[in-house]
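# Analysis of the macromolecular model
Each chain, letter by letter, is given below.
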Amino acid sequence: MADDLPDGPNFELHRPWIDKISIKCKKCNAKMQREEFVLDTWHNSGAAPFASLSDDEYKKTIPAPFFTEGIDQTRGWAYTLLIENVIFNNKDISPYNSFLFQGHVLDEKGNKMSKSTGNVLDAADLLDKYPVDLVRFYFMWKSSPIETLNFSTKELMSRPYQILSTLFHIHLYFKQNSEYDKFNINEATVGWAKDNDLLTSTDIWLLSKLQKTIELSTESNNKCKFHESASAIEDFLINSLSQIYIPITKPELWNDDENKKDRRHVIYAIIAESLKTLDILIHPFSPFTSEYLYTTTFGDKKSILLESWPKSTPTLVNESVEESFDIMNEIVSVCAAARMKGKLKRRWPLKHAIICVEKGLQKKIELLSELLQSQLNVEKFTIVETEQESGLEKISELKQLGLPTKPVIELERKRIGPKVKQHMGKLVTMFSETAPEEIISSLQKEQKYDFKIDGETISLENEDFIIDFDASENFAMAKRDNYTVFISTLRNHEMMAKGLIKDVARRLQTLRKERGYNPTDILETASILDLDNESLEMIKDKTKYEFLHWDLALGDCIYFDIRTLHGSLNAVIPKKNIHRYTLRMVDENGKIESEFNYKEDKQDGIQKLWYENGNKKLQATYLNGNLNGEYISWYDGGIIKEKDGDYLDNKKHNKWTHWSENGQKTEEINYNSGVKNGAHIKWFDDKSDQHKNFHVNYNNGEKDGSWHYWYTNGIDSIQSHYEDGKKNGGKLCYRKPRRRSIREYSERSA
């Protein structure tokens, strides 16, 4: 106890007041004063290992295997631990083997979270609204631990949610189908399939990918690169298991032939091995989800924590099959792009595909020829090896090989400018009237093509043209990197019938899901209405059906309109007392194509459409069956808008904006209930400096106010003025300017 309080009971503990206080020693009655020389308080923490442990404890536990702290503790705790341990041992010995520094969490815009700015996320509120495992996985997946993390709940509910949701639904898919097939996970294993030579190339590919995922995830975790581990899990789960293996093997699982039972059990064994491994790998990130999925699906042990960490099996790695499979997947992707160009759905069978690849790849692709044919959904395909990459040589090579190509040529305007000079306009006109085949033929024979303009001969060489190619008639084509795919767009009666059956099956499966049935549930009746005679004849020989002329009020059923080449096909399933519902259309890979919200059988709410590649295409808002609210459409990239605006009772309202594919604003129109009202502005679509094309003002559909046009370089062209739709004021016309100085432009006159 202090023997005196010089400043009274409300004294300060800070200097200099603390120096006035003295404490009497109980043993010797001497007075004790504050130590004048004090080290940084972090040195107390730095001395913790040898200050808190005995010599034996210190030798057994130091260096510690792992420490972690915020990145701001680099100079504080981490440094003082290190330097004091070096001083204590008089050697360069660290008190820890590894130290993980963690970056700070910022808001979604990269700003520091602060209560004063209102951007703080309360942890309790966050975990009340979002699953804790989703939040944990997001932190691990988002970025390297040492980097700052811009936290966004929108991003949280996008890809991370998709990953965990996909993992859950594949467990459900496996459980429903394997139980229906009475699969015994202890008898039918990967080892059993391998020993009996039952593994197909698809199984070998997935198992090889799984081994590499185990290696990468384990190695990344050991290096504290948790984001790389999460990315490895994501890549295998989404890109390999969900989007490739499951769709490829699904038809085999749904084949009830008893002779195919072993094949079905091999697939179950592969999926089970993959899911159990994924459950363990993702457990450090999402422990509750993985524990639930493991115990409810497998239940080998009471807890997933009793499982050993997976180890890769080198004998299951097959580099050649992986390479062939990766090439096949790239070809299938390019073929899908060609189908999009030809407006041919993936589930519609085609007659022929021609695949152009670089030298040396044909044999690798032929290892998976049967699988490739089924994935392309074609009756036959041809592989052609090519050497040339682009230009005239490429077209010549493709023509020599007899491929269905036609040349596509453009002028290299920057290059030909000095040659053409004042004749550019006439040359462009003459070029547009010349057949590309004629130019190609001349370039091949004479290495030039001559244009005769006003008595002059302008010779353009190969380098003066941009030469490319496209598919000829009755074919569609797509290319990417070193792969080019041509597909036949002609379809016969048999192929159209197969496509129609796949359309019907897909729609009925969607209805089955909407009505809450399991995939393994066998329904007594599926009714297909309003088929025309031609479609009915096509479908007759392909399935067992009962054709019903059944009139059912729309309010008593869920109704789908299926578009085919032969009119419409309506599939109906009764529903009871449904006031509001959502219909989602998905393709054969499970990707959503469209989503419609209904209220009392009228569109009500946000309606969405997607492109086949998964990018968003359209979003519109309805109210009681009418367009009301925001309307947005996107180009195929899914990022750049094509146009957006508002509707009011199916009429354009307020400001509508249009963009070009390069993201440049091209037009802006103001409406009032479908009638132009306000400014109407249009811009030239130029990637460089953007200039207006015209600016017109309207009032209730009539021109009202200034009316202004510009040249492409932003210089005035025409000005006028209107009132109530009639000219009211002079009209000023400007000459198209020659090249002048800035001062001359400012002093120009009409």
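In this text, all values refer to a predicted model and were calculated from it rather than measured experimentally. (Residues numbered from 1 in each chain as written. Predicted model: local features only at pLDDT ≥ 70, side-chain atom pairs only at ≥ 80, totals over all residues. Heavy atoms only, no water.)

## Some thoughts on the overall build of the protein chain
Counting its secondary structure elements, the protein chain contains 23 helices and 32 strands. In the protein chain, buried positions account for 41% of the 750 residues. Within the protein chain, contacts between residues at least 6 apart in sequence are counted, and of these 50% link residues at least 24 apart. Carbon and sulfur atoms make up 49% of the accessible area of the protein chain, which totals about 43,200 Å². (Helix = DSSP H or I, 4+ residues; strand = E, 2+ residues; numbered from the N terminus. Buried < 20%, exposed > 50% of the residue type's maximum accessible area, 1.4 Å probe, protein only. Contact = heavy atoms within 4.5 Å. Areas by Shrake-Rupley, 256 points an atom, 1.4 Å probe, with all protein chains shown as cover.)

## Topic: the pattern of salt bridges
Tallied over the full model, the rule gives 22 salt bridges. The partner of K364 in a salt bridge is E323, with the nearest N and O atoms 2.7 Å apart. Separated by 41 residues along the polypeptide, K364 in helix α15 (residues 362-366) and E323 in helix α14 (residues 319-342) bring together distant segments of the chain. Residue classification places K364 among the partly exposed positions, given a relative accessible area of 30%. One salt bridge in this structure joins K479 and D468, with 2.4 Å as the shortest N-O distance. In this pair, K479 is assigned in strand β13 (residues 475-480) and D468 in strand β12 (residues 465-471), connecting sequence segments eleven residues apart. One salt-bridge network, in which partners are shared between bridges, spans K209, K212, E319, E322 and D326. (Salt bridge = Lys/Arg side-chain N within 4 Å of Asp/Glu carboxyl O.)

## Some details on the nonpolar core
Note that soluble globular proteins tend to have their nonpolar side chains buried in a common cluster. By size, the foremost hydrophobic cluster in this structure holds 87 residues, and its most contacted members are L241, I271, I331, L372, L376 and I487. Apart from the residues lying within four places of it in its own chain, the contact partners of I331 are I355, V357, I365, L372, L376, Y483 and V485. Formed by 27 residues, the second largest nonpolar core is a distinct cluster that contains I416, L443, I453 and F486. (Core = buried A, V, L, I, M, F, W, Y, C linked by side-chain atoms within 4.5 Å.)

## Digging into the packing of helix α18 (residues 413-420) against helix α19 (residues 424-432)
Between α18 and α19, the least distance of the axes is 10 Å, while the angle of their chain directions is 120°. Classified by the interaxial angle, the pair formed by α18 and α19 is oblique. Note on packing geometry: the crossing formed by α18 with α19 is right-handed. Only M424, L427 and V428 of α19 make contact with α18, whose side of the interface consists of R413, I416, G417 and V420. Taken together, the residues that form the contact of α18 with α19 break down as five nonpolar, one polar and one charged. (Axes fitted to C-alpha atoms, helices over the stretch in contact; angles between N-to-C directions. Parallel < 35°, antiparallel > 145°, perpendicular 65-115°, else oblique. Left-handed = near helix turned anticlockwise from the far one by under 90°. Nonpolar A, V, L, I, M, F, W, Y, C, P; charged D, E, K, R; others polar.)

## Focus on the sheet that holds β13
With mixed pairing, four strands are arranged side by side in an open sheet as β8-β7-β14-β13. Of all the strands in the sheet, the pair left with one neighbour each is β8 (378-386) and β13. Each strand axis lies, on average, 15° off the axis of its neighbour in the sheet, ignoring direction. Strand direction decides the pairing type here: β13 and strand β14 (residues 483-488), joined by six bridges, are antiparallel. (Pairing = 2+ DSSP bridges.)

## Focus on the side chain of S324
With respect to the helices and strands, the residue S324 is situated in helix α14. Assessed through its relative accessible area of 3%, S324 is described here as buried. Apart from the residues lying within four places of it in its own chain, the contact partners of S324 are K364, L367 and L368.

## Overview of unusual backbone geometry
It is generally the case that most residues other than glycine have a negative phi and that most peptide bonds are trans. Put simply, I62 and P63 share a cis peptide bond, and its omega is 10°. Not every positive phi belongs to a glycine, and N29 is a case in point at roughly 65°. Phi at Q447 is positive, roughly 60°, even though this residue is not glycine. With respect to the helices and strands, the residue Q447 is situated in the loop between α20 (436-446) and β10 (448-453).

## Brief notes about helix α17 (residues 391-400)
Among all positions of α17, only L392, K394, I395, S396, E397 and L398 are buried. Buried residues in α17 make contact with β7 (350-358), β8, β9 (405-411), α20 and β12. G402 sits one or two positions beyond α17 and adopts a positive phi of about 75°.

## Comments concerning the packing of aromatic side chains
For the structure shown, the criterion picks out 24 aromatic pairs. Arranged with centres 5.1 Å apart and planes meeting at 75°, the rings of Y96 and F99 form a pair that is edge-to-face. The exposure class assigned to Y96 is buried, which follows from its relative accessible area of 13%. Among the aromatic residues, those joined into a cluster by ring pairs are F67, W77, Y96, F99 and F101. Its end group placed over the ring of F298, K276 keeps NZ or CZ at 5.5 Å from the ring centre. Sitting over the face of the ring of F469, K479 holds its NZ or CZ atom 4.3 Å from the ring centroid. (Phe/Tyr/Trp six-rings, centres within 6.5 Å; stacked < 30°, edge-to-face > 60°. Lys NZ or Arg CZ within 6 Å of the ring centre and 35° of its normal.)

## Describing a nonpolar patch on the surface
A surface patch of nonpolar side chains, amounting to about 280 Å² of accessible area, comprises L5, F11 and L13. Mapped onto the fold, L5 is located in the segment before β1 (23-24). Its relative accessible area of 39% is what places L5 among the partly exposed residues. (Patch = residues over 30% accessible without salt bridge, like charges linked within 9 Å, V, L, I, M, F, W, Y side chains within 5 Å.)

## Let's talk about the confidence of the model for the protein chain
Summing up the model confidence of the protein chain, the mean pLDDT is 81 and the portion of residues at 70 or higher is 82%. Confidence over residues 542-578 falls short of pLDDT 50; this stretch has 91 contacts with residues more than four positions distant or in other chains. (pLDDT = per-residue confidence, 0-100.)

## Some points on the pairing of β14
In terms of residue burial, β14 counts as a mostly covered element, since six of its six residues are buried. Every second residue of β14 is oriented toward a common face, with Y483, V485 and I487 on one face and T484, F486 and S488 on the other, all of them buried. Connecting the antiparallel pair β13 and β14 is a turn made up of two residues, with D481 showing a positive phi of about 55°.

## Considerations on the packing of helix α8 (residues 159-180) against helix α11 (residues 226-253)
Viewed as axis vectors pointing N to C, α8 and α11 meet at an angle of 30°, and their least axial separation amounts to 11 Å. The orientation of α8 relative to α11 falls into the category roughly parallel. In the packing of α8 onto α11, the handedness of the crossing is left-handed. From α8, R159, Q162, I163, T166, L167, I170 and Y173 reach across to α11, where they touch E234, L237, I238, N239, L241, S242, I246, K250 and L253. Tallied by class, the residues present in the contact of α8 with α11 amount to nine nonpolar, four polar and three charged.

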